[in-house]
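What the coordinates show
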Amino acid sequence: MVFLMNIGNSNTQLAEFENGRIGNLRQVRTEQLEEAMLPEEGVPIAAATVVPEVREKLAGRAFFYVSPATAVNLDLTRLDCTTIGSDRLANAVELAANYPLPGLVVDFGTAITIEVVDGRRRFLGGAIAPGRLLLRQSLHQGTAQLPFLPLDDTLPERRPAGNTRDAMRLGIDLGAVGMVRELIRATEEGLGASCRTLLGVGGDAPFFLQHLSGLQPGGNDFTLRGIYRAWELNQ
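Let us look at the structure shown here. (Residues numbered from 1 in each chain as written. Predicted model: local features only at pLDDT ≥ 70, side-chain atom pairs only at ≥ 80, totals over all residues. Heavy atoms only, no water.)

Side note on the pattern of salt bridges
Under the definition given, this model contains 18 salt bridges. A salt bridge links E34 to K57; the shortest N-O distance between them is 3.6 Å. Remark: K57 occurs in helix α1 (residues 52-57) and E34 occurs in the loop between β3 (21-29) and β4 (45-49); sequence separation between them is 23 residues. One network of salt bridges, in which partners are shared, links E94, D221, R225, R229 and E232. (Salt bridge = Lys/Arg side-chain N within 4 Å of Asp/Glu carboxyl O. Helix = DSSP H or I, 4+ residues; strand = E, 2+ residues; numbered from the N terminus.)

Notes on the packing of aromatic side chains
On inspection of all chains with the given rule, the structure shows six aromatic pairs. Relative to Y65, the ring of F63 lies with its centre 5.1 Å away and its plane at 10 degrees, an arrangement referred to as stacked. Assigned by exposure class, F63 and Y65 land together as buried. A ring pair is formed by F108 and F208, whose centres lie 4.1 Å apart and whose planes are at 10 degrees; its orientation type is stacked. With F108 in strand β6 (residues 103-108) and F208 in helix α5 (residues 205-211), the pair connects residues that are 100 residues apart, well separated along the chain. Of the two residues examined, F108 and F208, each falls in the buried class. Through pairs of rings, three or more aromatic residues link up here, namely F17, Y228 and W231. In this structure, R55 is placed above the aromatic ring of Y65, and the distance from its NZ or CZ to the ring centre is 3.8 Å. (Phe/Tyr/Trp six-rings, centres within 6.5 Å; stacked < 30°, edge-to-face > 60°. Buried < 20%, exposed > 50% of the residue type's maximum accessible area, 1.4 Å probe, protein only. Lys NZ or Arg CZ within 6 Å of the ring centre and 35° of its normal.)

A word on the sheet that holds strand β5 (residues 64-65)
Taken together, the five strands give an open sheet; going across it, the order is β3-β2-β1-β4-β5, and neighbouring strands pair in mixed fashion. The sheet is open, and its two borders are formed by β3 and β5, each paired with just one other strand. As paired elements, strand β2 (residues 11-18) and β3 share seven bridges and run antiparallel to each other. Counterpart to Q13 in the pairing with β3 is Q27. The strands that helix α6 (residues 222-233) touches are β1 (2-7), β2, β3, β4 and β5; relative to β1, the one it contacts most, it runs at about 130 degrees. (Pairing = 2+ DSSP bridges. Contact = heavy atoms within 4.5 Å. Axes fitted to C-alpha atoms, helices over the stretch in contact; angles between N-to-C directions.)

Points about the side chain of D118
Considering the arrangement of structural elements, one finds D118 in the loop between β7 (111-117) and β8 (123-130). On the basis of relative accessible area, D118 is assigned to the buried category, the value being 6%. For D118, the side chain forms a polar contact with the side chain of R122, separated by 2.5 Å. Apart from residues no more than four positions distant in its own chain, D118 is found in contact with L101, P102, L124 and L191. (Polar contact = N/O pair within 3.5 Å; in protein donor to acceptor, adjacent residues only side chain to side chain.)

Some points on the environment of N98
Position of N98 among the secondary structure elements: in helix α2 (residues 86-98). Relative accessible area serves as the criterion here: at 43%, N98 is assigned to the partly exposed category. Linking N98 and R229, residues 131 residues apart in sequence, is a C-alpha distance of 9.8 Å. Reaching out from N98, the side chain makes a polar contact with the side chain of E94 at a distance of 3.1 Å.

Section: the pairing of β2
Most of β2 sits out of view: six of its eight residues are buried. Counting the residues in the hairpin turn of β1 and β2 gives three residues. Where β2 folds back on β3, the antiparallel hairpin that results is connected by two residues, among which N19 adopts a positive phi of roughly 55 degrees.

Regarding the sheet that holds β6
Overall, mixed pairing links the five strands, which are arranged β8-β7-β6-β9-β10 in an open sheet. With partners counted over all chains shown, the strands left at the sheet margins are β8 and β10 (216-217), one partner each. Bridge count between β7 and β8: seven bridges; the pairing is antiparallel. Directly across from E115, in β8, lies its bridge partner G126.

A closer look at the packing of α2 against α6
The geometry of α2 relative to α6 is characterised by a closest axis approach of 7 Å and an angle of 75 degrees between their N-to-C directions. It follows from the interaxial angle that α2 and α6 lie roughly perpendicular. On the side of α2, the interface is formed by D87, A90, N91, V93, E94, L95, A97 and N98, while α6 contributes F222, T223, R225, G226, I227, R229, A230 and L233. Residue composition of the contact of α2 with α6, by class: eight nonpolar, four polar and four charged. (Parallel < 35°, antiparallel > 145°, perpendicular 65-115°, else oblique. Nonpolar A, V, L, I, M, F, W, Y, C, P; charged D, E, K, R; others polar.)

Everything listed here is a matter of coordinates, which is why it stays silent on function.
The following block contains the structure:
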């Protein structure tokens, strides 16, 4: 068994890879992550994290971390590897290992990230933008009167909104769909070719998969699969 951790800004996925599949997948708030949640000594732990404080908090245990040095199935020469997030590397590792290339994966979390791998297995980077929840928080916290709106999987009508809440949902949600559509278009334009694989993953993927044609579900465990794949490739 390999214990897997995808440690994000807001939430952490915990799972176990055993007998060829991922099981016992659960999610906790990253701020609540404790060493007691880890498996017993002797079980390998493979992780990706974008939260340095958590890495320090769990420093008492031996971890395999996804990093530029461990993403051995990718050509990283087009990247500034000093700044790339390990979750994005894990996504690219899984994309390159198991999907037709060129391809891209859009990860809908606290941030929306796009990872692009070309037909020569070169990880080209991609894009980073605020996710829908972060946009809601920013409007609420950065203004005097705009409310905080919970996430909703429906889109408001495509017409001028007659009240503040609908205007916010139209601006945030339809705007986010349009942003991702344009980023995908710009990516393919930059590649000079259509992507053979277009995947949507992450906690907010169900909303975008409803409203973006051509985007296919990559599964809630996509990044975890990439973490395992990186671990496997280094054994």
